[in-house]
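Descriptive structure summary
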Amino acid sequence: MAEALSIGILGAGRVGTAVARQAIRGGHSVKIATSKPAEEIRLLTEVIVPGATAVDKEELRGSDIIITAVPLHKYKDVDTSVLQGHVVIDTMNYWAPVDGLMDEFEGEASTSEVIGDFFGDVRLVKTLNHIGYGDLEVDSHPAGDPNRRALALAGDDPEAKELVSGLIETLGYDPVDAGPLSAGKAFENGTDIFNGRHSRDQMEALLDQCQKVLTNA
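Predicted model, so just to flag it, every value in this text is computed and none were measured.

A short note on the pairing of strand β1 (residues 6-10)
Of all five residues that make up β1, four are buried, and the element is covered over most of its length. Taken together, the five bridges between β1 and strand β2 (residues 29-33) define a ladder with parallel strand orientation. Bridge assignment links Leu-10 to a residue of β2, and that residue is Ala-33. Taken together, β1, helix α1 (residues 14-25) and β2 constitute a β-α-β crossover, and its handedness is right-handed. Relative to strand β4 (residues 65-68), β1 runs parallel, the two being bridged by four bridges.

A few points about the environment of Ile-24
With respect to the helices, strands and loops of the structure, Ile-24 is situated in helix α1. Under the relative-accessibility criterion, Ile-24 is labelled partly exposed at 24%. A C-alpha to C-alpha distance of 33 Å links Ile-24 and Phe-105, two positions 81 residues apart in sequence. Residues in contact with Ile-24, not counting those within four places in the same chain, are Val-30, Val-49, Pro-50, Gly-51 and Ala-52.

As for unusual backbone geometry
Not every positive phi belongs to a glycine, and Leu-128 is a case in point at roughly 65 degrees. By the element assignment, Leu-128 lies in the loop between β6 (123-126) and α5 (133-138).

So, helix α4 (residues 111-119)
Residues that lie three or four places apart on an α-helix share one face, since the helix turns once every 3.6 residues. All of the buried residues in α4 are Thr-111, Ser-112, Val-114, Ile-115, Gly-116 and Phe-119. On its buried face, α4 sits against β4, β5 (87-90) and β6. Just past α4, the residue Gly-120 takes up positive phi, approximately 95 degrees.

A short note on the sheet that holds β1
Taken in spatial order, the eight strands line up as β3-β2-β1-β4-β5-β6-β7-β8 in an open sheet, and their pairing is mixed. Only two strands of the sheet have a single neighbouring strand rather than two, namely β3 (53-54) and β8 (174-179). Here α1 sits on the sheet in contact with β1, β2 and β4, set at roughly 165 degrees to β2.

Points about the packing of aromatic side chains
Evaluated as defined, the whole model comprises four aromatic pairs. Seen in terms of ring centroids, Tyr-94 and Phe-105 are 5.4 Å apart; in terms of plane orientation they differ by 35 degrees. Their pairing is tilted. Here Phe-105 lies in the loop between α3 (96-99) and α4 and Tyr-94 lies in the loop between β5 and α3, a separation of eleven residues in the sequence. With relative accessibility at 13%, the residue Tyr-94 sits in the buried group. Ring centres 6.3 Å apart and planes at 50 degrees place the aromatic pair Phe-118 and Phe-119 in the tilted group.

Some thoughts on the side chain of Thr-91
Relative to the helices and strands, Thr-91 is located in the loop between β5 and α3. For Thr-91, a relative accessible area of 8% translates into the label buried. Separated by 2.8 Å, the side chain of Thr-91 and the backbone oxygen of Thr-68 make a polar contact. With sequence-adjacent residues up to four places away left out, Thr-91 is seen in contact with Val-15, Ile-67, Thr-68, Ala-69, Thr-127, Leu-128 and Asn-129.

Overview of the environment of Glu-108
Residue position: Glu-108 is located in the loop between α3 and α4. Judged by its relative accessible area of 72%, Glu-108 falls in the exposed class. Between the C-alpha atom of Glu-108 and that of Lys-185, which follows or precedes it by 77 residues, the distance is 8.8 Å.

Notes on the side chain of Lys-161
By secondary structure assignment, the location of Lys-161 is in helix α6 (residues 158-171). You can call Lys-161 buried: its relative accessible area is 10%. Sequence-distant contacts of Lys-161, defined by excluding residues within four places in its chain, comprise Val-125, Leu-153, Ala-154, Gly-155, Asp-177, Gly-179 and Pro-180.

How each quantity is defined
Along each chain, numbering runs from 1 in the same order as the chain's sequence is written. Per-residue local features are limited, in this predicted model, to residues with pLDDT of at least 70; the limit for side-chain atom pairs, both in listing and counting, is 80 or more; totals at the level of whole chains, interfaces and linings are taken over all residues. Side-chain numbers come from the whole structure's heavy atoms, not from hydrogens or water. Think of it in three bands: with a 1.4 Å probe and only protein chains considered, a residue is buried below 20% of the maximum accessible area for its type, exposed above 50%, and partly exposed in between. Per the convention used, a helix needs a DSSP run of H or I reaching at least four residues, while a strand needs a run of E reaching at least two, with both numbered from the N terminus. Here, a strand pair is defined by DSSP locating no fewer than two bridges between the strands. The definition of a right-handed crossover adopted here requires that, viewed with the strands pointing away, the path from the first strand over the helix to the second runs clockwise. The contact rule is simple, with two residues in contact once any of their heavy atoms fall within 4.5 Å. Between N-to-C directions, angles cover 0 to 180 degrees, with each direction set by a line fitted to C-alpha atoms, over the stretch in contact for helices. Aromatic pairing here means that ring centres of Phe, Tyr or Trp (its six-membered ring) are within 6.5 Å. Orientation follows from the plane angle: under 30 degrees is stacked, over 60 is edge-to-face, and everything else is tilted. Think of a polar contact as two N or O atoms within 3.5 Å of one another; within protein, one of them needs to be a possible hydrogen donor and the other a possible acceptor, and neighboring residues in sequence only count if both atoms come from side chains.

Next up, the structure:
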């Protein structure tokens, strides 16, 4: 088994709690925090995510990986001070009908590039955004299983991507490196990758196709 990691999750909604449960199944220790004091989410955490620990957001510092699982339109409410220097996973998606029109996400940059600029000194990796929170817990398979699903990841820090790839493996999925953080645009809301379920070979082919389109643009 891969090395057990300390996982901090910022957000206790459906995405955050689903990731937390799957991470615990993968053998990792999990802390969950929100903008509220730990005491206010402790019972919720004990019931919905057995084995996880509710903490104040400041206690996420020191985690091997911190996962931001909040609605994208609330990204500016995130206390970025707790993220500084950490490997951070961005699971957020932009969808104007839900988030409202946000000019910063209407340009050519990937959403994670915008998020990364706001977060500051973090080692940001984009992933876990293109699988439903319900699917995450039921669609996992052991390594080598022909039905195993692939998940793409993008980031500018090779060591951070390697660490996150190991986490994805233990969640029951094949990690596929899409390239730099800008490549996260290939699996944002509305793309073929976002809308489908893909094997490693299929994922690699779709990412290669996206890269060729960008190269020829």
